[in-house]
Amino acid sequence: DSGVTQTPKHLITATGQRVTLRCSPRSGDLSVYWYQQSLDQGLQFLIQYYNGEERAKGNILERFSAQQFPDLHSELNLSSLELGDSALYFCASTELSNQGETQYFGPGTRLLVL
Amino acid sequence: AQSVTQLDSQVPVFEEAPVELRCNYSSSVSVYLFWYVQYPNQGLQLLLKYLSGSTLVKGINGFEAEFNKSQTSFHLRKPSVHISDTAEYFCAVKAAGNKLTFGGGTRVLVKP
């Protein structure tokens, strides 16, 4: 158990709909990263938040957005869903040490768009 | 920008045989290197990491990896695999910025 939690585990929805994925980082971790894992694109970085502020953006579509709340949990919002958005969505939080940063991943949310 | 190449998409191996998963990266700056494992229908679990220090890194479940700067490689090895090692393995690199860049993954299928 990495200490990162994600809800829901599974989500089935229809095209055009909007969903919200939730992530709680490990206790004390300030950073949250979101990744998408799909069959055709592999594992791709979407976005990072640090202590409530957006820190970095990757291959995130404009239909997707995220935020990090004062209690440090994060939500990834996916709107106007398309079939191609079906994927596994992971969040990760980071352990900092003198040597560098290690990311620990949650169990993921499996999204199926029908 | 950095990139990661995992040279084998699938590796079949017999139980108790050794296995090596190859990973090469490209980056113009110093990097941190990671191996993650994903068991069927599960999330990513950290196997091991290289941040600094000794180039031979030992991880969980008997895995180890060696960082070779001159060859820009970080190959993963296990001397004797078990059925339970059947999974997909991802090599990842972290350089400038904080995001991880992943390789395409290597599926290991351990046969009895």
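Everything here concerns the structure above.
Throughout what follows, the structure given in this document is the object of discussion. Since the model is a prediction, treat every value here as computed from it, not as a measurement.

1. Digging into the interface of chain A and chain B
Okay, so step 1: Taken together, the contact pairs 21 residues of chain A with 18 residues of chain B.
Okay, so step 2: In total, chain A and chain B occlude about 1,600 Å² of area from one another, counting both sides; carbon and sulfur atoms represent 55% of this.
Okay, so step 3: Where chain A touches chain B, the interface holds zero salt bridges.
Okay, so step 4: If you look at where chain A meets chain B, you find four residue pairs in polar contact (both at pLDDT 80 or more).
Okay, so step 5: Within the residue set of the side of chain A that touches chain B, elements represented by two or more residues are β4 (31-38), β5 (42-50), β9 (87-96) and β10 (101-105) of chain A.
Okay, so step 6: The element best represented in the side of chain A that touches chain B is β10(A), accounting for five residues.
Okay, so step 7: Here the side of chain A that touches chain B is built from residues that sort into nine nonpolar, eight polar and four charged.

2. Thoughts on the sheet that holds strand β1 (residues 5-7) of chain A
Residue and element names in this part refer to chain A.
Okay, so step 1: What the four strands build is an open sheet, ordered β1-β3-β8-β7; its pairing is antiparallel. Here the strands that pair on one side only, and so sit at the sheet edges, are β1 and β7 (64-68). Each strand axis lies, on average, 15 degrees off the axis of its neighbour in the sheet, ignoring direction.
Okay, so step 2: Bridge count between β7 and strand β8 (residues 74-78): five bridges; the pairing is antiparallel. In the strand pairing of β8, Gln-67 is matched with Glu-75.

3. Quick notes on the nonpolar core
Side chains of a nonpolar character, in soluble globular proteins, are inclined to be buried together.
Okay, so step 1: Counting 39 residues, the largest nonpolar core has Trp34(A), Tyr35(A), Leu76(A), Leu78(A), Tyr89(A), Phe105(A) and Phe102(B) as its most contacted members.
Okay, so step 2: The element that contributes the greatest number of residues to this core is β9(A), accounting for six residues.
Okay, so step 3: Of all hydrophobic cores here, the second largest spans 29 residues; its members include Val11(B), Val19(B), Leu33(B) and Leu76(B).

4. Focus on the packing of aromatic side chains
Residue and element names in this part refer to chain B.
Okay, so step 1: Under the defined criterion, the tally for this structure stands at 14 aromatic pairs over all chains.
Okay, so step 2: Aromatic side chains Phe-63 and Tyr-89 sit 5.4 Å apart centroid to centroid with 45 degrees between the ring planes, which places their arrangement in the tilted category. Linking Phe-63 in the loop between β7 (56-58) and β8 (64-68) with Tyr-89 in strand β10 (residues 87-94), this pair joins segments that are 26 residues apart in sequence. By the burial criterion, Phe-63 is buried, and Tyr-89 matches it.
Okay, so step 3: Ring plane angle 90 degrees and centroid distance 6.3 Å describe the contact between Phe-90 and Phe-102, whose orientation is recorded as edge-to-face. Of this pair, Phe-90 sits in strand β10 while Phe-102 is found in strand β11 (residues 101-102), placing the two residues 12 residues apart along the sequence. With respect to burial, Phe-90 and Phe-102 carry one shared label: buried.
Okay, so step 4: The lysine or arginine in question, Lys-111, covers the ring of Phe-14, its NZ or CZ lying 6.0 Å from the ring centre.

5. Concerning the pairing of β4(A)
Residues and elements named next belong to chain A.
Okay, so step 1: In terms of burial, β4 is a largely internal element, eight of the eight residues being buried.
Okay, so step 2: By the alternation rule, side chains of β4 split into Ser-31, Tyr-33, Tyr-35 and Gln-37 and Val-32, Trp-34, Gln-36 and Ser-38, which are all buried.
Okay, so step 3: Judged from the eight bridges that link them, β4 and β5 form a sheet pairing that is antiparallel. The residue of β5 that forms the bridge with Gln-37 is Leu-43.
Okay, so step 4: The antiparallel pairing of β4 with β5 creates a hairpin that spans three residues between the two strands.
Okay, so step 5: Relative to β9, β4 runs antiparallel, the two sharing six bridges. For Tyr-33, the partnering residue across the bridge sits in β9 and is Ala-92.

6. With respect to the environment of Gln71(B)
Okay, so step 1: Tracing the backbone shows Gln71(B) in the loop between β8 and β9 (73-78).
Okay, so step 2: Look at Gln71(B) and you get exposed, because its relative accessible area is 51%.

7. What about the environment of Pro70(A)?
Residues and elements named next belong to chain A.
Okay, so step 1: Following the sequence through the fold, Pro-70 ends up in the loop between β7 and β8.
Okay, so step 2: Assessed through its relative accessible area of 82%, Pro-70 is described here as exposed.
Okay, so step 3: Taking the C-alpha atoms as reference points, Pro-70 and Gly-52, separated by 18 residues in sequence, lie 6.4 Å from one another.

8. Let's talk about a nonpolar patch on the surface
Residues and elements named next belong to chain A.
Okay, so step 1: Judged by side-chain polarity, Ile-12, Leu-112 and Leu-114 come together as a nonpolar surface patch covering roughly 310 Å² of accessible area.
Okay, so step 2: Topologically, Leu-112 is positioned in strand β11 (residues 109-113).
Okay, so step 3: With a relative accessible area of 38%, Leu-112 lands in the partly exposed category.

Thresholds applied
- Residues numbered from 1 in each chain as written.
- Chains lettered and ligands numbered in written order.
- Predicted model: local features only at pLDDT ≥ 70, side-chain atom pairs only at ≥ 80, totals over all residues.
- Heavy atoms only, no water.
- Contact = heavy atoms within 4.5 Å.
- Buried area = accessible area lost by both parts, 1.4 Å probe.
- Salt bridge = Lys/Arg side-chain N within 4 Å of Asp/Glu carboxyl O.
- Polar contact = N/O pair within 3.5 Å; in protein donor to acceptor, adjacent residues only side chain to side chain.
- Helix = DSSP H or I, 4+ residues; strand = E, 2+ residues; numbered from the N terminus.
- Nonpolar A, V, L, I, M, F, W, Y, C, P; charged D, E, K, R; others polar.
- Pairing = 2+ DSSP bridges.
- Axes fitted to C-alpha atoms, helices over the stretch in contact; angles between N-to-C directions.
- Core = buried A, V, L, I, M, F, W, Y, C linked by side-chain atoms within 4.5 Å.
- Buried < 20%, exposed > 50% of the residue type's maximum accessible area, 1.4 Å probe, protein only.
- Phe/Tyr/Trp six-rings, centres within 6.5 Å; stacked < 30°, edge-to-face > 60°.
- Lys NZ or Arg CZ within 6 Å of the ring centre and 35° of its normal.
- Patch = residues over 30% accessible without salt bridge, like charges linked within 9 Å, V, L, I, M, F, W, Y side chains within 5 Å.
- Areas by Shrake-Rupley, 256 points an atom, 1.4 Å probe, with all protein chains shown as cover.

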